[in-house]
Amino acid sequence: MLGKIFKGCGCLSIGFFVILVLTAIFMDDEEQTEVTDGDGSKTEQVEKKDSVIVNEPLEGDPYQELDDLIGLDNVKKEVRTLANFVKLQKQREAKGLKIPKISYHLVFTGSPGTGKTTVARIVGRIYKDLGVLKKGHTVETDRSGLVAKYMGQTALKTDTIIQKAMNGVLFIDEAYALVPEDGGGQDYGQEAISTLLKRMEDYRDSLVVIIAGYPNEMKRFIDSNPGLQSRFNRYISFPDYTSGELFDIFGMYMKKNQYVLSSDAEDQLRESLDYAVEHKDRNFGNARFVRNIFEKAIQMQANRLSGRQNLSKEELSELTAEDIQRAFGR
């Protein structure tokens, strides 16, 4: 009976095709997207459970991957400077010269979708290359991955995550959430911080912690605890993307997934991104915003082509100005 209903209906095949495409595109996406997820990174996500993601590093040149990221010129410069400093200190140490105490822990500040997670993964691999870390993998989490619901359980939960990150990087996104702004009521975030600080001292040669979040909130977080102030003294700021950089990120998604823009669609996309950047608020998603627009654009293409038979390769690949307009919701 269902066969009779859908017989001759092109929308079924188109819809099925879109589902397959979306699954392939977004099953392993994260931030250019945070830069190609945009992220240009070849890091493999191997575990995701209870707000914890474990990424094992794959082979490849992390320095080249850093350079290949769209935008982020100052971030690249800061990471390169850090790598050069560490490399030189390693050489001094090998020659028996005194070296200053080095803190490898980092604070990444910036808006959502500006590449912080991607760069954290690359930093882990650079630290491995420099001999700072043996493995160089990245364990990503946030408050929900560290803080338990009941008294006495947070220390164990936090310690479990830390053990996963040993010989690699522990990346804590929106770390400021561990210290609520109002400071009222009973909160177990401080227990997580105390555990983290102790383990950073215990494992200072085998654990690197990178914390990230909005600039003002991260300053409040660091200032809330002298232990945080002493361990986190190296900051890297991630700027919002320009509309031109967002256009390039959109283009990266298209290339990766074999789509092209019609000439009028290219003009429409530039105009729409200019408008979005000009009218953004602090919650603007940057590269994540572009990823969502790309997803919506190929859905709009599917709606436009539904019911048509024997579509050509060009028709299946081209996004029009109409698709872009509808993806932006206007």
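What you are looking at is a predicted structure, and each value in this text was computed from that prediction instead of being measured.

1. Overview of the overall build of the protein
- For the protein, the count of helices and strands is 16 helices and nine strands.
- Within the span of the protein, comprising 330 residues, buried residues form 50% of the whole.
- Total accessible area on the protein stands at roughly 16,800 Å², and carbon and sulfur atoms take up 51% of it.

2. Some details on helix H6 (residues 116-130)
- Over its 15 residues, H6 extends 21 Å from the first C-alpha to the last, a length consistent with the 21 Å expected when each residue adds 1.5 Å.
- Immediately beyond the C-terminal end of H6, within one or two residues, lies Gly 131, with a positive phi of roughly 85 degrees.

3. Focus on the environment of Tyr 241
- Within the fold, Tyr 241 resides in the loop between strand S7 (235-238) and helix H12 (243-257).
- Put simply, Tyr 241 and Gly 285 are 44 residues apart on the chain and 9.8 Å apart in space, counted from C-alpha to C-alpha.

4. Description of helix H5 (residues 73-94)
- The end-to-end C-alpha separation of H5 is 32 Å, in line with the 32 Å expected for 22 residues at 1.5 Å each.
- Every buried residue of H5 is listed here: Val 75, Lys 76, Val 79, Leu 82, Ala 83, Val 86 and Gln 89. Looking down the long axis of H5, one finds its buried residues gathered within 160 degrees of arc, a one-sided arrangement. Facing away from the buried side of H5 by more than 90 degrees, the exposed set consists of Asp 73 and Lys 77.
- Structurally, H5 contributes buried residues whose contacts are with helix H4 (62-68), strand S3 (106-110), H6 and S7.
- Positive phi shows up at Gly 96, right after H5, with a value of about 80 degrees.

5. Some details on a negative patch on the surface
- On the surface, Asp 264, Asp 267, Glu 271, Asp 274, Glu 278, Glu 314 and Glu 318 cluster together to form a negatively charged patch.
- Tracing the backbone through its elements, the reader meets Glu 314 in helix H15 (residues 313-317).
- Classification of Glu 314 as exposed rests on a relative accessible area of 56%.

6. Concerning the pairing of S7
- Of the two faces of S7, the one lined by Ile 236 and Phe 238 is fully buried and the one lined by Tyr 235 and Ser 237 carries no buried residue.
- Inspection of the sheet shows S3 paired to S7 by four bridges, in the parallel sense. The residue of S7 that forms the bridge with Val 107 is Tyr 235.

7. Topic: the packing of H12 against helix H14 (residues 287-305)
- Remark: H12 packs on H14, axes separated minimally by 9 Å, with the N-to-C direction vectors making an angle of 45 degrees. Considering their axes alone, H12 and H14 lie oblique with respect to each other. Where H12 crosses over H14, the two elements pack in a sense that is right-handed. The residues of H14 that touch H12, namely those facing Leu 246, Ile 249, Phe 250, Tyr 253, Met 254 and Asn 257, are Ala 287, Val 290, Arg 291, Ile 293, Phe 294 and Ala 297.
- Its residues placed into classes, the contact of H12 with H14 shows ten nonpolar, one polar and one charged.

8. Here we look at the pattern of salt bridges
- Considering all chains together, one arrives at 17 salt bridges under this definition.
- A salt bridge links Glu 140 to Arg 121; the nearest nitrogen and oxygen atoms lie 2.7 Å apart. Here Arg 121 lies in helix H6 and Glu 140 lies in strand S4 (residues 138-141), a separation of 19 residues in the sequence. Neither Glu 140 nor Arg 121 differs from the other in exposure class; each is buried.
- Salt bridges sharing partners connect three or more residues here, namely Asp 159, Lys 198, Arg 199 and Asp 202.

9. Quick look at the nonpolar core
- Counting 56 residues, the largest nonpolar core has Phe 108, Val 119, Tyr 127, Ile 210, Ile 249, Phe 250 and Leu 261 as its most contacted members.
- Discounting chain neighbours no more than four positions away, the residues touching Leu 261 are Phe 247, Phe 250, Met 254, Glu 266, Leu 269, Leu 319 and Ile 324.

10. Concerning the packing of H5 against H6
- For the pair H5 and H6, the least separation of the axes is 11 Å and the interaxial angle reads 20 degrees. It follows from the interaxial angle that H5 and H6 lie roughly parallel. Here the hand of the crossing between H5 and H6 comes out right-handed. Counted together, Val 75, Val 79, Leu 82, Ala 83, Val 86, Lys 87 and Lys 90 of H5 and Val 119, Val 123, Ile 126, Tyr 127 and Leu 130 of H6 form the full contact between these two elements.
- For the contact of H5 with H6, a count of residues per class yields ten nonpolar, no polar and two charged.

11. A word on the side chain of Ser 111
- Residue placement: Ser 111 occurs in the loop between S3 and H6.
- At 3.0 Å, the side chain of Ser 111 and the side chain of Asp 240 are in polar contact.

12. Digging into the packing of aromatic side chains
- Under the criterion given, the structure shown has eight aromatic pairs.
- Aromatic pair Phe 108 and Phe 238: ring centres 4.8 Å apart, planes at 50 degrees, arrangement tilted. Here Phe 238 lies in strand S7 and Phe 108 lies in strand S3, a separation of 130 residues in the sequence. Comparing Phe 108 with Phe 238 shows no difference in burial state: the two are buried.
- When the centroid spacing of 5.6 Å and the interplanar angle of 80 degrees are considered together, the rings of Phe 250 and Phe 294 count as edge-to-face. Separated by 44 residues along the polypeptide, Phe 250 in helix H12 and Phe 294 in helix H14 bring together distant segments of the chain.
- Residue Phe 250 is classed as buried on the basis of its relative accessible area of 1%.
- Overall, Phe 294 belongs to the buried group, its relative accessible area being 0%.
- Here the aromatic residues Phe 250, Tyr 253, Tyr 259 and Phe 294 are joined through ring pairs into a cluster of three or more.
- Here Arg 270 stacks its cationic end above the ring of Phe 247, 3.7 Å away from the centre of that ring.
- In this structure, Arg 282 packs its charged tip against the face of Tyr 214, placed 4.1 Å from the ring centre.

Parameters at a glance
- Residues numbered from 1 in each chain as written.
- Predicted model: local features only at pLDDT ≥ 70, side-chain atom pairs only at ≥ 80, totals over all residues.
- Heavy atoms only, no water.
- Helix = DSSP H or I, 4+ residues; strand = E, 2+ residues; numbered from the N terminus.
- Buried < 20%, exposed > 50% of the residue type's maximum accessible area, 1.4 Å probe, protein only.
- Areas by Shrake-Rupley, 256 points an atom, 1.4 Å probe, with all protein chains shown as cover.
- Expected span 1.5 Å × (residues − 1).
- Arc of directions from axis to C-beta.
- Contact = heavy atoms within 4.5 Å.
- Patch = residues over 30% accessible without salt bridge, like charges linked within 9 Å, V, L, I, M, F, W, Y side chains within 5 Å.
- Salt bridge = Lys/Arg side-chain N within 4 Å of Asp/Glu carboxyl O.
- Lys, Arg positive; Asp, Glu negative; His and termini not counted.
- Charge placed at Lys NZ, Arg CZ, Asp CG, Glu CD.
- Pairing = 2+ DSSP bridges.
- Axes fitted to C-alpha atoms, helices over the stretch in contact; angles between N-to-C directions.
- Parallel < 35°, antiparallel > 145°, perpendicular 65-115°, else oblique.
- Left-handed = near helix turned anticlockwise from the far one by under 90°.
- Nonpolar A, V, L, I, M, F, W, Y, C, P; charged D, E, K, R; others polar.
- Core = buried A, V, L, I, M, F, W, Y, C linked by side-chain atoms within 4.5 Å.
- Polar contact = N/O pair within 3.5 Å; in protein donor to acceptor, adjacent residues only side chain to side chain.
- Phe/Tyr/Trp six-rings, centres within 6.5 Å; stacked < 30°, edge-to-face > 60°.
- Lys NZ or Arg CZ within 6 Å of the ring centre and 35° of its normal.

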